[in-house]
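# Summary of the model geometry
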Amino acid sequence: MAAWTASDIPDQSGRTAVVTGANSGLGYVTARELARRGARVILACRSEERGSAAVARMLTEVPGAHVEFGRLDLGDLTSVRAFAAAYEKTRLDLLINNAGVMALPFRRTVDGFETQFGVNHLGHFALTGLLLPRLLERSGARIVTVSSGLHALGNIDIRDLNSERKYGRWLAYGRSKTANLLFTHELARRLVASGSDTVAAAAHPGYASTNLQSAGPRMEGRRAAERVAALGNRIFAQSAEAGAVPILYAATAPGVRPDWFTGPRGLGFRGGAGPSWRAAWTRSDVAGERLWAASEGLTGVRYLRSSPRP
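Residues numbered from 1 in each chain as written. Predicted model: local features only at pLDDT ≥ 70, side-chain atom pairs only at ≥ 80, totals over all residues. Heavy atoms only, no water.

### Describing the side chain of serine 176
As for its placement among the helices and strands, serine 176 is situated in helix 5 (residues 169-194). Relative accessible area serves as the criterion here: at 1%, serine 176 is assigned to the buried category. At a separation of 3.0 Å, a polar atom in the side chain of serine 176 contacts the side chain of asparagine 120. Discounting residues that sit within four places of it in the chain, serine 176 has contacts with Gln116, Phe117, Asn120 and His121. (Helix = DSSP H or I, 4+ residues; strand = E, 2+ residues; numbered from the N terminus. Buried < 20%, exposed > 50% of the residue type's maximum accessible area, 1.4 Å probe, protein only. Polar contact = N/O pair within 3.5 Å; in protein donor to acceptor, adjacent residues only side chain to side chain. Contact = heavy atoms within 4.5 Å.)

Spelled out as structure tokens, the structure:
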């Protein structure tokens, strides 16, 4: 498993993938490598300008690739529903919930949710539910949600999911990444209970050099913090190409099991793909069910009824 690289991706011809946040960084590399192996890839991005530019760039890197732009703003549930409706008759084999924001100042989404929780978790929760009927039609479909080793910064607070009592940008980020893992845990359980062979798994890139680290400081005009983030990326981070490998493994490698969490081996910062450590609270059935119920209530998207436990 340590030696697995993007060149080991099985042939994806005839398969269709949706990759959120695919205009740059990990999402772009993930989409490009899937396209390189023959998949039709929909680049689901908020900005039409950046998404279309990513499609053009990808076509120069992978001539003849089957790639297209689809507008998706995960911070706006109306946009999520419109995106899903646009592909309601599309055969779909792979959904990669990659897009995210990190350590932003307190902001709210269009629907009033704290931005990190709203974009990183609720937007993807709604998107997955709306696209799930298409995935269930395809044997061997997968849903990969990108979390982070920084989920260890905090468990969710089911009484304060939107961090309205007290906001800390890093704590809120960690909680949103914990939500990604709890969502995967509960989704995997429900898929298995329903008898589906669709696999829900999670992955993280370790410390990968992307624009994610500098977005928060740039938003607030904190130039010193932005320079520190850029320096950290140059000295300590692995490339986006390397960071995308665990995501691609979870999405395509044979034998991936429900609720697996794949990341860089060893300490989890960089290196080859392997099983990743995760906090015990991300395997809690009770917390998973509670977050699921709350997410249904907040988004209005309901799917995969829970079955009674033995």
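### Focus on unusual backbone geometry
The phi torsion at alanine 103 lies on the positive side, around 50°, for a residue other than glycine. Residue alanine 103 is classed as buried on the basis of its relative accessible area, which comes to 5%. The residue leucine 304 is not glycine, and still its phi comes out positive at about 45°. With respect to the helices and strands, the residue leucine 304 is situated in the segment after helix 10 (285-299).

### Some details on the packing of aromatic side chains
For the structure on display, the rule yields nine aromatic pairs. Ring centres 5.1 Å apart and planes at 80° place the aromatic pair tryptophan 4 and tyrosine 249 in the edge-to-face group. Within this pair, whereas tryptophan 4 is found in the segment before strand 1 (16-20), its partner tyrosine 249 is found in helix 9 (residues 245-252), the two being separated by 245 residues in sequence. When the centroid spacing of 5.1 Å and the interplanar angle of 80° are considered together, the rings of phenylalanine 106 and tyrosine 167 count as edge-to-face. Placement of phenylalanine 106 in the loop between strand 4 (94-97) and helix 4 (115-136) and of tyrosine 167 in the loop between strand 5 (142-146) and helix 5 is noted, with a sequence separation of 61 residues between them. Joined through ring pairs, the aromatic side chains of Phe125, Phe183, Trp292 and Tyr303 make up one cluster. In this arrangement the basic side chain of arginine 57 is found over the ring face of tyrosine 28, its NZ or CZ atom lying 4.1 Å from the centre. (Phe/Tyr/Trp six-rings, centres within 6.5 Å; stacked < 30°, edge-to-face > 60°. Lys NZ or Arg CZ within 6 Å of the ring centre and 35° of its normal.)

### Examining a nonpolar patch on the surface
A surface patch of nonpolar side chains, amounting to about 270 Å² of accessible area, comprises Leu150, Leu153 and Trp170. Tracing the backbone through its elements, the reader meets leucine 150 in the loop between strand 5 and helix 5. Overall, leucine 150 belongs to the partly exposed group, its relative accessible area being 35%. (Patch = residues over 30% accessible without salt bridge, like charges linked within 9 Å, V, L, I, M, F, W, Y side chains within 5 Å. Areas by Shrake-Rupley, 256 points an atom, 1.4 Å probe, with all protein chains shown as cover. Salt bridge = Lys/Arg side-chain N within 4 Å of Asp/Glu carboxyl O.)

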